[in-house]
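So you can see what is in the structure, the chains are spelled out below.
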Amino acid sequence: SSAEALVEMASSVLDVSRLESTGMQADLSTCELVDIVNEFADRFAVLAKGRKLSVKAPSSPVSLIADATLVTRVMQNLLGNAIKFTPKSGEIVLEIELANDIIRVSVQDSGPGIPPEYQEKVFDKFFQVEARQQGHKYSTGLGLTFCKLAVEAHGGRIGVTSGEGQGSIFWFELPV
């Protein structure tokens, strides 16, 4: 597990460095987001370890032109963080909403939340909200930076809504 963590850390540093120096190169194609989310949620359900993971998605297909690999990695980072910070008996909701020509994907957790003064900084390179008192493992602080770069490469935007003790909702929006 230490070797896997080291490989993941090195990959994150290289990904962010490459993205900052050359810009994100998205391999665009037509994707069906509901299928991607459902398949992804099924794989992550095993990792939830007692946490309730639910998906809220439109019953009809939601197609967009995007890099499916990058979109999946963004969801993986957001869902991985939600699992890390949600208590064992907590709930995580992965939701897709379609409004006008914007698709919004959100990951809501029932974790400790993020203090308001840190909410703008969580997407900064190497920034980490203090989690020592909650016994969480540290990371590189690059996962959310990667998410921001990947979403912006698609012409989208990313953000967080959170309150201390109320959990967090990390979301990203992509143009259809």
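Anything mentioned here points back to the structure above.
A brief report on the enclosed structure follows. All values reported here derive from a predicted model rather than from experimental measurement.

## Digging into the overall build of the chain
If you tally the helices and strands in the chain, you get four helices and seven strands. Reading the helices (α) and strands (β) of the chain from amino to carboxyl end gives α-β-α-β-β-α-β-β-α-β-β. Across the 176 residues that make up the chain, the buried fraction comes to 41%. Restricting the contact set of the chain to residue pairs at least 6 apart, pairs at least 24 apart contribute 69%. Carbon and sulfur atoms make up 52% of the accessible area of the chain, which totals about 9800 Å².

## Some thoughts on the packing of aromatic side chains
As enumerated under the stated definition, the model contains one aromatic pair in all. The cationic tip of R73 hangs over the ring face of F146; the distance from NZ or CZ to the ring centre is 4.2 Å. The ring of W171 carries R104 above its face, with NZ or CZ at 4.2 Å from the centroid.

## Remarks on the sheet that holds strand β6 (residues 157-162)
Pairing in this open sheet of five strands is mixed, and the strands run β2-β4-β5-β7-β6 from one edge to the other. Every other strand in the sheet has two partners, leaving β2 (52-56) and β6 as the edge strands with one partner each. When strand polarity is set aside, the average angle formed by the axes of neighbouring strands in this sheet is 15 degrees. In terms of strand pairing, strand β5 (residues 102-108) meets strand β7 (residues 168-175) through seven bridges, oriented antiparallel. By the bridge assignment for β7, S106 is matched with W171. The strands touched by helix α3 (residues 68-85) within the sheet are β2, β4 (91-99), β5 and β7, with β7 carrying the most contacts at an inclination of about 170 degrees.

## With respect to the pattern of salt bridges
The final tally for this structure, using the stated rule, is four salt bridges. Across the salt bridge formed by K52 and E91, the nearest N and O atoms sit 4.0 Å from each other. Separated by 39 residues along the polypeptide, K52 in strand β2 and E91 in strand β4 bring together distant segments of the chain. We note a salt bridge from R104 to E173, for which the minimum N-O separation is 2.8 Å.

Criteria and thresholds
- Residues numbered from 1 in each chain as written.
- Predicted model: local features only at pLDDT ≥ 70, side-chain atom pairs only at ≥ 80, totals over all residues.
- Heavy atoms only, no water.
- Helix = DSSP H or I, 4+ residues; strand = E, 2+ residues; numbered from the N terminus.
- Buried < 20%, exposed > 50% of the residue type's maximum accessible area, 1.4 Å probe, protein only.
- Contact = heavy atoms within 4.5 Å.
- Areas by Shrake-Rupley, 256 points an atom, 1.4 Å probe, with all protein chains shown as cover.
- Phe/Tyr/Trp six-rings, centres within 6.5 Å; stacked < 30°, edge-to-face > 60°.
- Lys NZ or Arg CZ within 6 Å of the ring centre and 35° of its normal.
- Pairing = 2+ DSSP bridges.
- Axes fitted to C-alpha atoms, helices over the stretch in contact; angles between N-to-C directions.
- Salt bridge = Lys/Arg side-chain N within 4 Å of Asp/Glu carboxyl O.

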